[in-house]
Amino acid sequence: MPKARKPPQSKPQQLLVEGKNDRHVIWALCQQYQLPETFSVEVPQEEGTEGVEALLNGLPERLKAENLRTLGIVVDADRNLSGRWQSLKDKLSSIGYRDIPQSPPPEGWVCTPSDPYLPRVGVWLMPNNQLPGMLEDFVAYLIPPGDTLHPKAEAILQELEQAGLNRYTLIHHPKALIHTWLAWQKTPAMPMGQAITAQVLSCDCPIALIFIEWLKHLFELIARSAE
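Residues numbered from 1 in each chain as written. Predicted model: local features only at pLDDT ≥ 70, side-chain atom pairs only at ≥ 80, totals over all residues. Heavy atoms only, no water.

Chemist: Explanation requested: the environment of Leu 177 in the structure shown.
Modeler: As for its placement among the helices and strands, Leu 177 is situated in helix α7 (residues 173-183). When the C-alpha atoms of Leu 177 and His 150 are compared, they prove to be 8.3 Å apart, with 27 residues separating the residues in sequence. Contact partners of Leu 177, with chain neighbours within four places excluded, come to His 150, Ala 153, Glu 154 and Leu 157. (Helix = DSSP H or I, 4+ residues; strand = E, 2+ residues; numbered from the N terminus. Contact = heavy atoms within 4.5 Å.)

Chemist: Explanation requested: the sheet that holds strand β1 (residues 13-17) in the structure shown.
Modeler: By way of backbone hydrogen bonds, the strands of a sheet pair with one another, either parallel or antiparallel. Across the sheet, 5 strands lie side by side as β2-β1-β3-β5-β4; this open sheet has mixed pairing. At either margin of the open sheet sits one strand with a lone partner, and together these are β2 (40-42) and β4 (109-111). Put simply, the sheet's adjacent strands are angled 15 degrees from each other on average, direction ignored. Direction of pairing for strand β3 (residues 70-76) relative to strand β5 (residues 120-126): parallel, over a ladder of 7 bridges. Paired with Val 75 across the bridge in β5 is Leu 125. Its contacts with the sheet place helix α1 (residues 20-32) against β1, β2 and β3, and it is angled at close to 130 degrees to β1. Lying on the sheet, helix α4 (residues 81-95) is in contact with β3, β4 and β5; it crosses β5 at an angle near 165 degrees. (Pairing = 2+ DSSP bridges. Axes fitted to C-alpha atoms, helices over the stretch in contact; angles between N-to-C directions.)

Chemist: Explain the state of the cysteines to me, please; I cannot follow it from the model alone.
Modeler: As used here, a disulfide is simply a covalent bond connecting the sulfur atoms of two cysteines. Overall, the coordinates contain 0 disulfides when judged by the stated rule. Note on Cys 203: no disulfide assigned, nearest cysteine sulfur contributed by Cys 205 at a separation of 7.4 Å. (Disulfide = S-S within 2.5 Å.)

Chemist: In this structure, what is going on with the nonpolar core? I would like to understand it.
Modeler: Proteins that are soluble and globular tend to have nonpolar side chains buried together. Ranked by internal contacts, the top residues of the largest apolar core, which has 40 residues, are Leu 15, Leu 29, Phe 211 and Leu 215. Breaking this core down by element, the ones donating at least two residues are β1, α1, β5, α5 (135-140), α7, α8 (192-197) and α9 (206-219). Ranked by residues supplied to this core, first place goes to α9 with 8 residues. Leu 29 has contacts with Phe 138, Leu 142, Ile 196, Cys 203, Ala 208, Phe 211 and Ile 212, leaving out every residue within four places of it along the chain. (Core = buried A, V, L, I, M, F, W, Y, C linked by side-chain atoms within 4.5 Å. Buried < 20%, exposed > 50% of the residue type's maximum accessible area, 1.4 Å probe, protein only.)

Set out below in C-alpha cells:
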C-alpha cells in the first residue's frame, strides 16, 4: 500500500497577496529590480475563492507554521484605508504582535517581534499606504509621465460615467482606467505584469521604488548586480 504523502511544508519566506494579478505585477517588478528569489508570492484560497477575506482568515494558522520566518501581506486599501488597517491590526494583535502603529507608515510597515515564536511580518496597503484604492491604482502610477493616452482614457471613462453608460461599478473605475489604457498600446490588452516586463509601464517612479525598498527591508534582500 503506497505511503500517504505528507502535506508540503510552507516556505520560510512568503508574501501573501489577494489575487493572481497582484502576484504577476509583483513578480514583474522584482524581476525588473533583479531581487533575489528568496520568497514566494502566494494567493491564499478559501473554499476555492481568493481575496482579502481568505487571506485574513488564514493568517493565524499560517503564522503558526513551524518553519515560517518572514511573512509579508499586500492587500488593497479599497474605499476605507483606516478600516482595512484596523482589521489587519486587530488580527495581528490577537496573534500576539505589539506596537503596531495607529496608521500605516508611508514606506510600509515591517515588524520584528521580540517574541521568538512569532515570525517577522510586514504590511503594504495598495496603492501607497496613504490613499484608498487598489492594485490598479498602484499600476496607474507606473504609466510614464507625460503619456498622452492617460488623460484621454480618463476623460472617456468620466464621460461614460456622467452619462450613466458605464457597465462597471464606480469602485472599479481604476480597473477600467488601466485596462483601457493598456488596450491602446502597441500590443493591445497586455496583462499588467507583462506590461511591466515589456517596459510599457515604467518601474522608475517613486511608488515602485518605495515598494521595492519595503520588500528589500522585509526580506532583508540585497539586489543582484546588473549584468
